Amino acid sequence: MDRFLLMTCFARAVETGSFSAAGRDLGLGQPNVSRHVAALEQHLQTRLLNRSTRKLVLTPEGERYYAEVRRILDAVGESEMSLRDDVQPSGLLRVACPTALSHAFVLPLVPAFLQRFPALELDLQISDRYVNLLDEGAELAIRIGHLDSSALRARRVGLFTRVTVASRAYLDTRGVPAVPEDLRHHDCVLYTLLSTGTSWRFRDADVPVSGRLRVNSPDAMRAAVSAGLGIGQGPAWLYEDGLASGVLQTVLEAFAPPPVPVQIVYAANRLVPKRALVFMDFVAEAFAKIPQLNR
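Sequence order sets the numbering: in each chain, residues are counted from 1 along the sequence as written. Given that this is a predicted model, residues contribute local features only at a pLDDT of at least 70 and side-chain atom pairs are listed and counted only at 80 or more, while totals for whole chains, interfaces and linings are drawn from all residues. The side-chain values count all of the structure's non-hydrogen atoms but skip hydrogen atoms and water molecules.

### Quick look at the overall build of the protein chain
For helices the rule is a DSSP run of H or I covering at least 4 residues; for strands it is a run of E covering at least 2, with both sets numbered from the N terminus onward. Regarding its fold elements, the protein chain presents 11 helices and 14 strands. Expressed as lengths along the three principal axes of its C-alpha atoms, the size of the protein chain is roughly 75 × 40 × 35 Å. Partly exposed describes any residue whose relative accessible area lies between the buried limit of under 20% and the exposed limit of over 50%, with all areas from a 1.4 Å probe on protein chains only and scaled to the type maximum. Per-residue burial for the protein chain yields a buried fraction of 44% across its 295 residues. Sequence-distant contacts, at least 24 apart, represent 71% of the contacts inside the protein chain between residues at least 6 apart. With residues, only the protein chains shown are counted as cover, and all accessible areas are computed by Shrake-Rupley using a 1.4 Å probe. Working note: accessible area of the protein chain is about 15,000 Å², and carbon and sulfur atoms make up 51% of it. Within this scheme the basic residues Lys and Arg register as positive and the acidic residues Asp and Glu register as negative, but His and the chain ends are omitted. By convention, the point assigned to a charge is CZ for Arg, NZ for Lys, CD for Glu and CG for Asp. On the protein chain, the mean spot of the 33 positive side-chain charges and the mean spot of the 31 negative ones are 3 Å from each other. The contact definition used throughout considers only heavy atoms, calling two residues in contact when any of these lie within 4.5 Å.

Okay, here's the thing in structure tokens:
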């Protein structure tokens, strides 16, 4: 049994979404890929994929096994590539990225990145959900904030300021808070995925906030604040258009929190493939030219 071949077939079936596509990609044909994956499942005595006529779905065991298989295949590929420094980076790169940051700054870079590295495939996983790199098969994640895990390493690629904002209509009705503690008497639009929970960070302290509206999307928060539903806090670049048009106004500027880093994180105990290194270099170079990410 060629275990490496079986693992390769399994990984490509997961990444392409079907045995047929994996067969075309590997030059083996659909029946062979299907047979190899079945042989792998039989060897492991575990079902890795649920099959239907429309798609393949990883089982929980399959998800865990895929993360390890991807790590093994990447390590083998990178070991071979390290002997050939002139070889262009290739293969599939999975990068997790927050929604608003992705839409504003990452997606515009993708065409140039793919053009520069034609042998690379990019799986950009856009979500505000926390992605565990060690379990979910992503090689990199772009994150906002400081590193909080010793199992990860980080490269800082940006820095931005956070602002507290409200619509002029809201402030005309409810008044302008003079100090952060005044927020206790205001409606705040809460971002439910905020790492500090229902507290907002200011220069000297975290202040508990509350409100009648909670959202799990930065874009939804911006829309709600612009509609006068409460006070919001977030990256200055998220509210740029509203501030420029005069719809929004900053408050509590004297109490602004320290700047927040943007970092690319990766697993500390894994070999970083060349495709991940060139992505980090590309993003760092591009972000260095964006004023909103260098404040």
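So much for the structure itself; the text now carries on.
### Here's the deal with the nonpolar core
Definition used in this section: a nonpolar core is a set of buried Ala, Val, Leu, Ile, Met, Phe, Trp, Tyr and Cys residues joined via side-chain atoms within 4.5 Å. In terms of nonpolar packing, the biggest core is built from 57 residues, with I142, F287 and L293 touching the most fellow members. Among the elements that take part in this core, helix α11 (residues 274-287) stands out by supplying nine residues, more than any other. Not counting residues within four places of it along the chain, the set of residues in contact with L293 comprises L101, F105, G158, L159, F160, W237, V262 and F287. Listed in part, the 18 residues of the second largest apolar core include A11, V37, L40 and Y66.

### With respect to the environment of A256
For A256, the position within the fold is in the loop between β13 (248-251) and β14 (260-267). When the C-alpha atoms of A256 and R203 are compared, they prove to be 5.4 Å apart, with 53 residues separating the residues in sequence. For A256, the contacting residues outside a window of four places in its chain are R162 and R203.

### Quick look at the environment of Y170
By the secondary structure assignment, Y170 is in helix α8 (residues 168-174). Those residues within four positions of Y170 in sequence are excluded, and the remaining contacts are G175, H186, D187, G228, G230 and I231.

### Points about the side chain of E15
As for its placement among the helices and strands, E15 is situated in helix α1 (residues 3-16). We classify E15 as buried; its relative accessible area is 16%. Between N or O atoms, a polar contact is any pair within 3.5 Å; within protein, one atom must be a potential hydrogen donor and the other a potential acceptor, and residues adjacent in sequence are included only when both atoms are from side chains. Only 2.6 Å separates the side chain of E15 from the side chain of R12, close enough to count as a polar contact. For E15, the side chain forms a polar contact with the side chain of Y66, separated by 2.5 Å.

### Quick notes on the packing of aromatic side chains
Any two rings among Phe, Tyr and Trp, with Trp reduced to its six-membered ring, count as a pair given centres within 6.5 Å; such a pair is stacked if its planes are under 30 degrees apart, edge-to-face if over 60, and tilted if neither. On inspection of all chains with the given rule, the structure shows eight aromatic pairs. An angle of 70° between the planes, with centres 6.4 Å apart, marks the rings of F105 and F287 as edge-to-face. Residue F105 is located in helix α5 (residues 99-106), and its partner F287 is located in helix α11; the two are separated by 182 residues in the primary sequence. By relative accessible area, F287 is classed as buried at 0%. An aromatic cluster of three or more residues is present, and its members are F105, F160, W237 and F287.

### Here's the deal with helix α9 (residues 218-226)
Regarding α9, the residues found buried are P218, M221, A224 and V225. Summarising the axial view, the buried residues of α9 lie within an arc of 120°, below the 170-degree limit, and thus occupy one face. Two to three positions downstream of the cap, the backbone nitrogen of D219 sits 3.2 Å from a side-chain oxygen, assigning the N-cap of α9 to S217. Immediately beyond the C-terminal end of α9, within one or two residues, lies G228, with a positive phi of roughly 85°. Think of the arc as the fan of directions from the helix axis to the C-beta atoms.

### Here's the deal with the sheet that holds strand β6 (residues 152-160)
For two strands to be treated as a pair, DSSP must find at least two bridges joining them. The sheet built from five strands is open, its strands ordered β4-β3-β5-β14-β6 with mixed pairing. A single partner strand is all that each edge strand has here, and the edge strands are β4 (120-126) and β6. Ignoring strand direction, the axes of neighbouring strands in this sheet form an average angle of 20°. Sheet analysis places strand β3 (residues 91-97) next to β4, joined by seven bridges and oriented parallel. What sits directly across from C97, in β4, is I126. Helix axes are fitted to C-alpha atoms over the stretch in contact, other axes to C-alpha atoms as well, and angles between N-to-C directions run from 0 to 180 degrees. Along the sheet face, α5 touches β3, β4, β5 (140-144) and β14 and points at about 135° away from the line of β4.

### Some remarks on the pairing of β3
Among the seven residues of β3, six are classified as buried, and the element is accordingly described as predominantly covered. Pairing of β3 with β5 involves two bridges; the strand directions are parallel. Bridging from a neighbouring strand, V95 pairs with L140 of β5.

### Observations concerning the side chain of T164
Relative to the helices and strands, T164 resides in strand β7 (residues 162-167). For T164, a relative accessible area of 4% puts it in the buried group. Here Q233 takes part through its side chain, which lies 3.1 Å from a polar atom of the side chain of T164. In contact with T164, not counting residues within four places along its chain, are W200, F202, I231, G232, Q233, Q249, T250, V251 and L252.

Without other data, these values stay purely geometric and don't point to any function.
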